[in-house]
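For reference, the chains in residue letters:
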Amino acid sequence: MTNPIKKIQVDAPTLQHYIDHLATIGWQPEGGIVRPVYSPAWLKARQQLAEWMRAAGLHVYEDAVGNLFGRLRGLDDTRTILTGSHLDTVKLGGKFDGALGILAGLVALQALHKHLGPPQRSLEVVALCEEENSRFHARYWGTRAILGLIEESQLEALRDEQNISIASAMRAAGLPPDQYRAPIRTDLDAFLELHIEQGRILFDEHIDIGIVQAITGLQHLLITVKGRADHAGTTPMDLRRDALQGAALMAVEITRLVQQEGRPAVVTLGQWDVRPGAVNVVPAEVRFSIDLRHPDAETLQRLSVAIQARCQAIAQERDLQLSSEITGQSAPQQMDPALQALLIRAAGACGATWKAMPSGAGHDSQTMARHLPTAMLFVPSIEGRSHSAAEETPLADAARGATVLATALSQLVYP
Ligand SMILES: [Zn+2]
């Protein structure tokens, strides 16, 4: 990888056509896409992708959980470099989240094939079947299948809102759930994922490419504050043990602590339950959720401890009982340093401005990175809008990102 890098330009009009056409599959009259895993829209989108992959001269196949691959066979066909992203969308999602990573990979492979011929190592673009918890709480289902991380019990245990198991949904989509271990891959040397930023840092700073250093770590906590229910008219303020007043003060203090830490620390208190929940009763019990994120494990832990200590102090001052429970967590995941350096060199060769940054959102790459060298690049999202029909990335930015991706891939498979 010491030769000067040659830019591999993708075909922007083709990328535009793919983006626009794929967005029509699952598009709702009110705006936004509904394309949950194993749904008819998901099947149709996959069929369309397979058609495009075949037309591009790729060898097309699917695995048992429904990941779809387009393979550009290398002279050595035993090892593989993988690129791509997820095909499912959140409910009323946009046309770029996930889809752009697949389509950028597809136009990148087309450009590489056209300009450089067959690669040394094989190169594949993948449409991963599930990332968004779009129907089942099966996050990274496709990636986990590839890495052998699916447990048999999950096939029946994971259920959608209609109580349909993921195994039944797979069967209905023509996929064999009992083959859930067949997708395991041992030939993968690296995974590169292009994704929209879903935030507004690149957009605000007019930077072309984000090189992801780490995917953020996350902790979910459920805080329960208990006081005493009393009459709202007859109980003087100084005699109350109002759980909500305490919890509200905690919310202010949690926000202050995380703001003080500065970017990229973020905290969200999105779910509240107040009991008994009557206009004229002093609240006896409040539960609220904390979603705390930071890409550095130590900082994440320090913030979590500080938040819980501050909440405990407020509870004591107000004669309230407090309990906190960690309901979910994922460790921060560093991206591969050599692949980050390669993406930076590729951005340079393409004349693209870039910035190293953490990812505040979870991605398939965080699971891949635990098992094989993985890196991610971001392209700007207008005003940071995402998980919405308003999600937008200008074609110039999308094509530039795909060109940087193609250029980086060329270094991996045409040594
Ligand atoms: Zn995504």
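The shown structure was predicted, so the numbers you read here are calculated from the model rather than taken from an experiment. (Residues numbered from 1 in each chain as written. Predicted model: local features only at pLDDT ≥ 70, side-chain atom pairs only at ≥ 80, totals over all residues. Heavy atoms only, no water.)

1. A short note on the packing of helix H1 (residues 12-23) against helix H12 (residues 395-413)
Our working rule: Helix axes use the C-alpha atoms of the stretch in contact, all axes being lines fitted to C-alpha atoms, and the angles between their N-to-C directions lie in the range 0 to 180 degrees. Numbering goes from the N terminus for both helices and strands, where a helix is a DSSP run of H or I of at least four residues and a strand is a run of E of at least two. Under this scheme an angle from 65 to 115 degrees is roughly perpendicular, one under 35 degrees roughly parallel, and one over 145 degrees roughly antiparallel; angles in between are oblique. Should the near helix be turned anticlockwise from the far one by less than a right angle, the crossing is termed left-handed; should it be turned clockwise, right-handed. In this description, contact between two residues means that some pair of their heavy atoms is separated by no more than 4.5 Å. Note that Gly is not counted as nonpolar here; it falls among the polar residues with everything else outside the nonpolar set of Ala, Val, Leu, Ile, Met, Phe, Trp, Tyr, Cys and Pro and the charged set of Asp, Glu, Lys and Arg.
Direction vectors running N to C along H1 and H12 enclose 110°, while the axes themselves pass 10 Å from each other. Relative to H12, the element H1 lies roughly perpendicular. Considering only the axes of H1 and H12, their crossing is right-handed. Contacts from Ala12, Leu15 and Gln16 of H1 reach H12 at Leu395, Ala398, Ala399 and Ala402. Looking at side-chain class alone, the contact of H1 with H12 contains six nonpolar, one polar and no charged residues.

2. Remarks on the coordination of the zinc ion
Inclusion rule: With water omitted from the atoms examined, metal sites may look incomplete; donors here are N, O and S atoms no farther than 2.8 Å from the metal, or 3.2 Å in the case of Na, K and Ca. Under the scheme applied here, a residue whose accessible area is under 20% of the maximum for its type counts as buried, over 50% as exposed, and between as partly exposed, the area being computed with a 1.4 Å probe on protein chains only.
Summarising the metal site, the zinc ion is bound by the protein donors His86 (NE2), Asp97 (OD) and His195 (NE2), whose distances to it range over 2.0 to 2.2 Å. Every donor residue of the zinc ion comes from the same chain, spaced as H-x10-D-x97-H. Note that His86 is positioned in strand S3 (residues 76-86) and His195 in strand S5 (residues 188-196), a separation of 109 residues in sequence. Here His86 falls in the buried class, since its relative accessible area comes to 1%.

3. Focus: the packing of helix H3 (residues 99-116) against H12
At a minimum axis separation of 8 Å, H3 and H12 run at an interaxial angle of 55°. With respect to H12, the axis of H3 lies oblique. Along this stretch, H3 crosses H12, giving a crossing that reads as right-handed. For the pair formed by H3 and H12, the contact residues are Leu100, Ala104, Gly105, Val107, Ala108, Leu109, Leu112 and Leu116 on the first element and Ala398, Ala402, Leu405, Ala406, Leu409 and Ser410 on the second. Of the residues belonging to the contact of H3 with H12, the class tally is twelve nonpolar, two polar and no charged.

4. What about H3?
Quick reminder: α-helices carry 3.6 residues per turn. Residues three or four places apart thus point the same way. Heads up, the rule is: Expected helix span is taken as 1.5 Å per residue step, with the number of steps being one fewer than the number of residues.
Given a rise of 1.5 Å per residue, 18 residues ought to cover 26 Å, and the 25 Å separating the end C-alpha atoms of H3 matches this to within 8%. Among the 18 residues that make up H3, 13 are buried, leaving the element largely enclosed by the rest of the structure. One or two residues past the end of H3 sits Gly117, with phi positive at roughly 75°.

5. Comments concerning the nonpolar core
Formally: Residue types Ala, Val, Leu, Ile, Met, Phe, Trp, Tyr and Cys, when buried and joined through side-chain atoms within 4.5 Å, form a set referred to as a nonpolar core.
Counting residues in hydrophobic clusters, the biggest one holds 82 residues, and the most contacted among them are Leu15, Tyr38, Leu100, Trp141, Leu192 and Leu409. The element that contributes the greatest number of residues to this core is H3, accounting for eleven residues. Discounting chain neighbours no more than four positions away, the residues touching Leu192 are Leu82, Thr83, Gly84, Leu339, Leu343, Ala375, Leu405, Ala408, Leu409 and Leu412. Counting 24 residues, the second largest nonpolar core, distinct from the first, contains Leu221, Val225, Leu257 and Ile314.

6. Re the domain arrangement of the protein
Quick reminder of the rule: Segmentation into domains, and thus their bounds, comes from an automatic or database assignment. Note on terms: buried area is the combined drop in 1.4 Å-probe accessible area of two parts once they are placed together, counting the loss on both.
In terms of domain boundaries, the protein breaks down into domain 1 (12-215 + 332-413) and domain 2 (217-330). A straight line from the C-alpha centre of domain 1 to that of domain 2 covers 37 Å. Taken together, the contact between domain 1 and domain 2 spans nine residues of the former and nine residues of the latter. Between domain 1 and domain 2, roughly 560 Å² of surface is buried when both sides are summed, and carbon and sulfur atoms account for 58% of that area.

7. Description of helix H9 (residues 297-317)
In plain terms, the rule: Directions are taken from the helix axis to each C-beta atom, and the arc is the one they span.
With 21 residues, H9 should cover 30 Å at 1.5 Å per step; its first-to-last C-alpha distance of 31 Å lies within 8% of that length. Listed as buried for H9 are Thr299, Leu300, Leu303, Ser304, Ile307, Cys311, Ile314 and Ala315. Down the axis of H9, the buried set is contained in an arc of 140°. They therefore lie on one face. In H9, the exposed residues that point more than 90 degrees away from the buried face are Glu298, Gln316 and Glu317. In this fold, the buried residues of H9 make contact with strand S7 (217-226), helix H8 (243-261), strand S10 (285-294) and strand S11 (321-330). Where H9 ends, the next residue or the one after it, Asp319, has phi of about 60°, a positive value.

8. Considerations on the pattern of salt bridges
Convention followed: A pairing counts as a salt bridge when a side-chain nitrogen of Lys or Arg comes within 4 Å of a carboxyl oxygen of Asp or Glu.
Considering all chains together, one arrives at 25 salt bridges under this definition. With a closest N to O distance of 2.9 Å, Asp204 and Arg200 form a salt bridge. A residue is classified by how much of its surface remains accessible, and Arg200, at 40% relative accessible area, is partly exposed. In this structure, Arg400 and Asp208 form a salt bridge, with 3.3 Å as the shortest nitrogen-oxygen distance.

9. Notes on the environment of Thr186
Relative to the elements of secondary structure, Thr186 occurs in the loop between helix H6 (166-172) and S5. For the pair Thr186 and Met53, spaced 133 residues apart in sequence, the C-alpha to C-alpha distance is 23 Å.

10. A word on the side chain of Thr374
This is how it is decided: Side-chain atoms alone can form a polar contact between residues adjacent in sequence; in general such a contact is a pair of N or O atoms within 3.5 Å, and within protein one must be able to donate a hydrogen while the other accepts it.
By the secondary structure assignment, Thr374 is in strand S14 (residues 374-379). We classify Thr374 as buried; its relative accessible area is 1%. Within polar-contact distance, the side chain of Thr374 engages the backbone nitrogen of Ala369 at 3.5 Å. In this structure the side chain of Thr374 is engaged in a polar contact, spanning 2.8 Å, whose partner is the backbone oxygen of Leu372. Other than its neighbours up to four places away in sequence, Thr374 contacts Phe191, Met335, Asp336, Leu339, Ser365, Met368 and Ala369.

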